[in-house]
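Chains, contacts and geometry: an overview
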Amino acid sequence: MLSNEEIGNQLKSELEIAISEYKSSNKFKKTEKVFNKLMSYDFDEYKSDLKKKVVKKIKKRWTNPKEGINPEQKLDAILFEHEFPQEKDQKTKLYGIINWKKETIKHVKVKMGFSYDFADGLEQIKGIKTQFFNPFVKKKLGKSYYENGVLITEDRELAKCFQLKGIIAIHQVFNELNDKNAFDKINKNENFHFVFGEHDDEYYLILSI
């Protein structure tokens, strides 16, 4: 199992690769101003809000039998899944993963496969907010967000760079919460993971416990 230090380092490496590939693309000269603004986005407010919200959700929703949670089921992972960022104030869908027949995970980019099931009360419920995507999907004068002829809100390579910045912020928050034993009440198996990614696309580890 990857340590959380390894997860953090590999996420940074994935971001560096994504940035390098984008800068070498034909789009970069046209979107450089937007790219630089997105890459300098301050995640501090998002991280502070996320930390508070996760602590509340663990108690009120993710572990609450009154919400249909089966306290006997042990989780192998919790997956946060988002759609491609084309709308503001998105929230992820949360899935509690059980019976996950996964291979030994050696890299932060993971393939979920299909050998798993969903826990009672933890299938496609409201997860964490991803409002950090808002600068990516902003509108100009009520029109689609274009920059020098490039439709920003359909630029998947630029979105990947910004998504990875957000994933690193989420990893940092979850790592801090784990150091404070915030996830102790979640009934989980050994080698438990939090996973985050775009629907039907790539998924990344954000924490291992």
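Criteria and thresholds
- Numbering of residues starts from 1 in every chain and runs along the sequence as written.
- Two thresholds apply to this predicted model, a pLDDT of at least 70 for residue-level local features and 80 or more for giving and counting side-chain atom pairs, whereas whole-chain, interface and lining totals are computed over all residues.
- To get the side-chain values, take all heavy atoms of the structure and skip hydrogens and water.
- The helix count covers DSSP runs of H or I at least four residues long, the strand count covers runs of E at least two residues long, and both are numbered beginning at the N terminus.
- This radius of gyration counts C-alpha atoms alone. The globule rule is 2.2 Å times how many residues there are, raised to the power 0.38.
- Summary of the burial criterion: residues with accessible area below 20% of their type's maximum are buried, those above 50% are exposed, and those between are partly exposed, where the area comes from a 1.4 Å probe applied to protein chains only.
- The criterion used for residue contact is that any of the two residues' heavy atoms lie within 4.5 Å.
- The protein chains shown are the only cover counted for residues, whose accessible areas, like all others here, come from Shrake-Rupley with a 1.4 Å probe.
- Neither His nor the chain ends is counted toward charge; the positive residues are Lys and Arg and the negative residues Asp and Glu.
- A single reference atom marks each charge: NZ on Lys, CZ on Arg, CG on Asp, CD on Glu.
- By convention a nonpolar core is built from buried Ala, Val, Leu, Ile, Met, Phe, Trp, Tyr and Cys residues, the set being connected through side-chain atoms within 4.5 Å.
- Axis lines are fitted to C-alpha atoms, over the contacting stretch for helices. Their N-to-C directions set the angle, which ranges from 0 to 180 degrees.
- Orientation labels follow simple angle bins: below 35 degrees gives roughly parallel, above 145 gives roughly antiparallel, 65 to 115 gives roughly perpendicular, and whatever is left gives oblique.
- Definitions for this section: a left-handed crossing has its near helix turned counterclockwise from the far helix by less than a right angle. A right-handed crossing has that turn clockwise.
- Residues are grouped as follows: nonpolar covers Ala, Val, Leu, Ile, Met, Phe, Trp, Tyr, Cys and Pro; charged covers Asp, Glu, Lys and Arg; every other residue, Gly included, is treated as polar.
- Any two strands are treated as partners once DSSP identifies two or more bridges connecting them.
- To estimate how far a helix should extend, the number of its residues minus one is multiplied by 1.5 Å.
- We define a salt bridge as a contact between a side-chain nitrogen of Lys or Arg and a carboxyl oxygen of Asp or Glu at a distance within 4 Å.

On to the overall build of the chain. What the chain contains, in helices and strands, is four helices and eight strands. Starting at the N terminus and walking to the C terminus, you meet the elements of the chain as α-α-α-β-β-β-β-β-β-α-β-β. In terms of overall dimensions, the chain is globule-like: its C-alpha atoms have a radius of gyration of 18 Å, near the 17 Å expected for 209 residues. Seen through its principal axes, the chain has C-alpha atoms that stretch 55 × 35 × 30 Å. Counting only residues that meet the buried cut, the chain has 47% of its 209 residues in that class. Put simply, of all contacts in the chain between residues at least 6 apart along the chain, 73% involve residues at least 24 apart. Surface summary for the chain: the accessible area is close to 11,500 Å², and the carbon and sulfur share equals 45%. Across the chain, the mean location of the 38 positive side-chain charges is 6 Å away from that of the 33 negative side-chain charges.

Attention now moves to the nonpolar core. Of all hydrophobic cores here, the largest spans 68 residues; its most connected members are F80, F174 and F194. Examining the composition of this core, we find that 12 residues originate from one element, helix α4 (residues 156-179), more than from any other. Setting aside anything within four residues of it in sequence, one finds F80 in contact with W62, T92, K93, L94, G127, I128, F174, F194, V195, F196, G197 and I206.

This next bit is on the packing of helix α3 (residues 44-62) against α4. Contact geometry of α3 with α4 gives a least axis separation of 10 Å together with a crossing angle of 45°. With respect to α4, the axis of α3 lies oblique. For the pair α3 and α4, the sense of crossing is right-handed. Contact residues: Y46, K47, L50, K51, V54 and V55 in α3; A169, I170, Q172, V173, F174, E176 and L177 in α4. For the contact of α3 with α4, the class distribution of residues is nine nonpolar, one polar and three charged.

It is worth spelling out the sheet that holds strand β1 (residues 75-82) at this point. Within the open sheet, the six strands sit side by side as β3-β8-β7-β1-β2-β4. Their pairing is mixed. Lying at the two open borders of the sheet, with one neighbouring strand each, are β3 (109-110) and β4 (117-129). With five bridges connecting them, β1 and strand β2 (residues 91-98) associate as antiparallel partners. Its bridge partner being in β2, L79 is matched across the sheet by Y95.

Right, let's get into unusual backbone geometry. In this structure, N148 is a non-glycine residue whose phi angle is positive, near 50°. As for its placement among the helices and strands, N148 is situated in the loop between β5 (146-147) and β6 (150-151).

Moving on, we come to α4. For α4, which comprises 24 residues, the first-to-last C-alpha distance of 34 Å matches the rise-based estimate of 34 Å (1.5 Å per residue) to within 8%. Burial runs high along α4: 17 of the 24 residues are buried. Trailing α4 by a residue or two, N181 shows a phi angle of about 60°, which is positive.

For the coordinates displayed, the defined rule picks out 10 salt bridges. Residues E67 and R61 are paired through a salt bridge, measuring 3.8 Å at the closest nitrogen-oxygen approach. Through salt bridges with shared partners, one network takes in E14, K109, K160, D201 and E202.

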